[in-house]
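These are the residues of each chain, in order.
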Number of protein chains: 2
Amino acid sequence: MSIKNLLIVSTSTVHGKGYLAYCEEAIQSFFSGIEEVIFIPYARPGGITHEEYTEVACKKFNELGFKMRGLHEFDNPIEAIENAKGIFTGGGNTFVLLDQLQKNNLIPAIQKKVSKGLRYMGTSAGSNITGLTVNTTNDMPIVHPESLNALALVPFNLNPHYLDPDPTSKHMGETRETRIKEFHAYNNQVVVGLREGSWLHVQDNKISLEGPLSARIFEKDKTPYELNPSDDFSFLLK
Amino acid sequence: MSIKNLLIVSTSTVHGKGYLAYCEEAIQSFFSGIEEVIFIPYARPGGITHEEYTEVACKKFNELGFKMRGLHEFDNPIEAIENAKGIFTGGGNTFVLLDQLQKNNLIPAIQKKVSKGLRYMGTSAGSNITGLTVNTTNDMPIVHPESLNALALVPFNLNPHYLDPDPTSKHMGETRETRIKEFHAYNNQVVVGLREGSWLHVQDNKISLEGPLSARIFEKDKTPYELNPSDDFSFLLK
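Conventions adopted
- Residues numbered from 1 in each chain as written.
- Chains lettered and ligands numbered in written order.
- Predicted model: local features only at pLDDT ≥ 70, side-chain atom pairs only at ≥ 80, totals over all residues.
- Heavy atoms only, no water.
- Least-squares fit on C-alpha atoms with pLDDT ≥ 70 in both.
- Contact = heavy atoms within 4.5 Å.
- Buried area = accessible area lost by both parts, 1.4 Å probe.
- Salt bridge = Lys/Arg side-chain N within 4 Å of Asp/Glu carboxyl O.
- Polar contact = N/O pair within 3.5 Å; in protein donor to acceptor, adjacent residues only side chain to side chain.
- Helix = DSSP H or I, 4+ residues; strand = E, 2+ residues; numbered from the N terminus.
- Nonpolar A, V, L, I, M, F, W, Y, C, P; charged D, E, K, R; others polar.
- Buried < 20%, exposed > 50% of the residue type's maximum accessible area, 1.4 Å probe, protein only.
- Phe/Tyr/Trp six-rings, centres within 6.5 Å; stacked < 30°, edge-to-face > 60°.
- Pairing = 2+ DSSP bridges.
- Axes fitted to C-alpha atoms, helices over the stretch in contact; angles between N-to-C directions.

Caption draft 1: Looking closely at the relation of the copies chain A and chain B. Aligned on chain B, chain A shows an RMSD of 0.0 Å; the corresponding rotation is 180 degrees and the shift along the axis is 0.0 Å. One copy is carried onto the other by what is essentially a two-fold rotation axis. An overlap of 100% is found between the interface residues of chain A and their copies at the interface of chain B, pointing to a shared contact surface.

So this is what it looks like as structure tokens:
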């Protein structure tokens, strides 16, 4: 049986609250018993440096009672993953993040450790990469990774920061729903639209939606539909 | 001297008007004297077929007095480009569009013909690909082209459907401006944010912004700024 411990969080920050504030109890419980969490700062939100980004995450994790070091601080990042008990991958640009993971050959290392029980938490881009591929990211393709295949820690795709169409909008760019429909013209996997304020908790063969909101589920050739935190999400892991 | 005739349109449709209605005079004038325009339907908005998409464009172009055929109708699309006098590339998904152009080896054919005076019009994704690369598209990467290098008909990048930040929004996804700032952490070229209702007209060594709105210009390490239709855009072609 494969062991899995994943916290797949839509966004680090919800409107009006501090960094990771709305889900801090879930984080404390998820990493409970672990002394140090390794932070992967590769997604560089707004183009900030690895150091600047690690400082932000570190401050919050220290406050929650965990030590934290950035993966960029290690001479050998693969070895750092092999020795880690917990990882937090922050959001930013999904293409930049995936490109760095590929270039540092970290994908197999993370996959292997997760299958042995390493606790993995991601927000936004860090959640996107837990899916089969990042073909459903909202981010701008500012760099071009070799492949869009991701960590595949779950057998579906994510769309974090899922946004409902705004009926008052006069903007003609595609809605998120239209984009995911276009994705299904070329791809088959289920996409979970995870709204800001929601997260998925995967533990072994159980998966649940947490937070106050429903999630929107997109299956190829089906009308998209909503599932609530009380609903059964287990079909997603089959 | 290189000859160029380009109409780089932000969107096919503005809110409340029909397909290509707001810019129909510009289209008529741009393709004036040309009997038949070739339509490139590869971007497949909403996943519709090449046939369905060509029907939409054809209807409008016929109404404006032009014959039109879809590029997918030709046995040899490279030859069709070589024989064309005018091309219109419709919007949809930029990744799908670029991938198809690459797979059909059409990029050099279009570049060569444009340098000999072929008139090229694009909307949305069809405008994105006139830039150096499509790293500044807003679209979802639902397929993964070999490269993001585009037609490079102009020496800068485009961001069609440019959208100002909404000060009332509670959504935490990146604003367009933040995304383009992240782009400039890895890339050097100027990006032109082209709002819905605007288009660029390039003729030989002249370039002008048309439509009622200003455009937002993003240069690396500079504060973004606005240029109006009456301003001089010629620095963009240098």
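Caption draft 2: Representation of the interface of chain A and chain B. Taken residue by residue, the interface counts 47 residues in chain A and 47 residues in chain B. It is Met140(A), His144(A) and Tyr186(A) that lose the most area in chain A upon contact with chain B, and together they represent 19% of the buried surface on that side. There are zero salt bridges connecting chain A and chain B. Taken together, the links from chain A to chain B amount to 22 residue pairs in polar contact (both at pLDDT 80 or more). Among the elements of the structure, helix 4 (94-103), strand 6 (157-162) and helix 7 (176-183) of chain A are those that each provide at least two residues to the side of chain A that touches chain B. A per-element tally of the side of chain A that touches chain B places helix 7 of chain A first, with seven residues. In terms of residue class, the side of chain A that touches chain B is made up of 17 nonpolar, 20 polar and ten charged.

Caption draft 3: Local environment of the pattern of salt bridges. All names here are of chain A. Counting across every chain of the model gives 22 salt bridges over all chains. Put simply, Arg179 and Glu174 hold a salt bridge, and the shortest N to O gap is 3.5 Å. Of the residues examined, Arg179 reaches a relative accessible area of 13% and is grouped as buried. Taking the shortest distance from any N to any O, the salt bridge between Arg195 and Glu226 comes out at 2.9 Å. You can see Arg195 sitting in strand 7 (residues 191-195) and its partner Glu226 sitting in strand 11 (residues 225-227), a full 31 residues away along the chain. Residue classification places Glu226 among the partly exposed residues on the basis of a relative accessible area of 29%. Here the residues in one salt-bridge network are Asp164, Glu177, Arg195, Arg216 and Glu226, joined through shared partners.

Caption draft 4: Highlighting the packing of aromatic side chains. Overall, the coordinates contain 18 aromatic pairs over all chains when judged by the stated rule. Pairing Phe61(B) with Phe88(B) gives two aromatic rings, centres 5.3 Å apart and planes at 20 degrees, and the pair type is stacked. Pair noted here: Phe61(B) is in helix 2 (residues 50-63) and Phe88(B) is in strand 4 (residues 86-89), with a separation of 27 residues, a long-range link. Across the pair, Phe88(B) and Phe61(B) agree in class, each one buried. By way of ring pairs, the aromatic residues Phe30(A), Phe31(A), Phe39(A), Tyr53(A), Phe61(A), Phe66(A) and Phe88(A) are connected into one cluster.

Caption draft 5: Quick peek at the sheet that holds strand 8 (residues 199-203) of chain B. Residue and element names in this part refer to chain B. Overall, mixed pairing links the seven strands, which are arranged 3-2-4-5-1-8-9 in an open sheet. Only two strands of the sheet have a single partner each, and these edge strands are strand 3 (67-70) and strand 9 (206-210). Between one strand and the next, the sheet's axes are offset by a mean angle of 20 degrees, whatever the strand orientation. Packed onto the sheet, helix 5 (residues 107-115) meets strand 1 (3-9), strand 2 (36-40), strand 4 and strand 5 (116-123) and runs at close to 120 degrees relative to strand 5.

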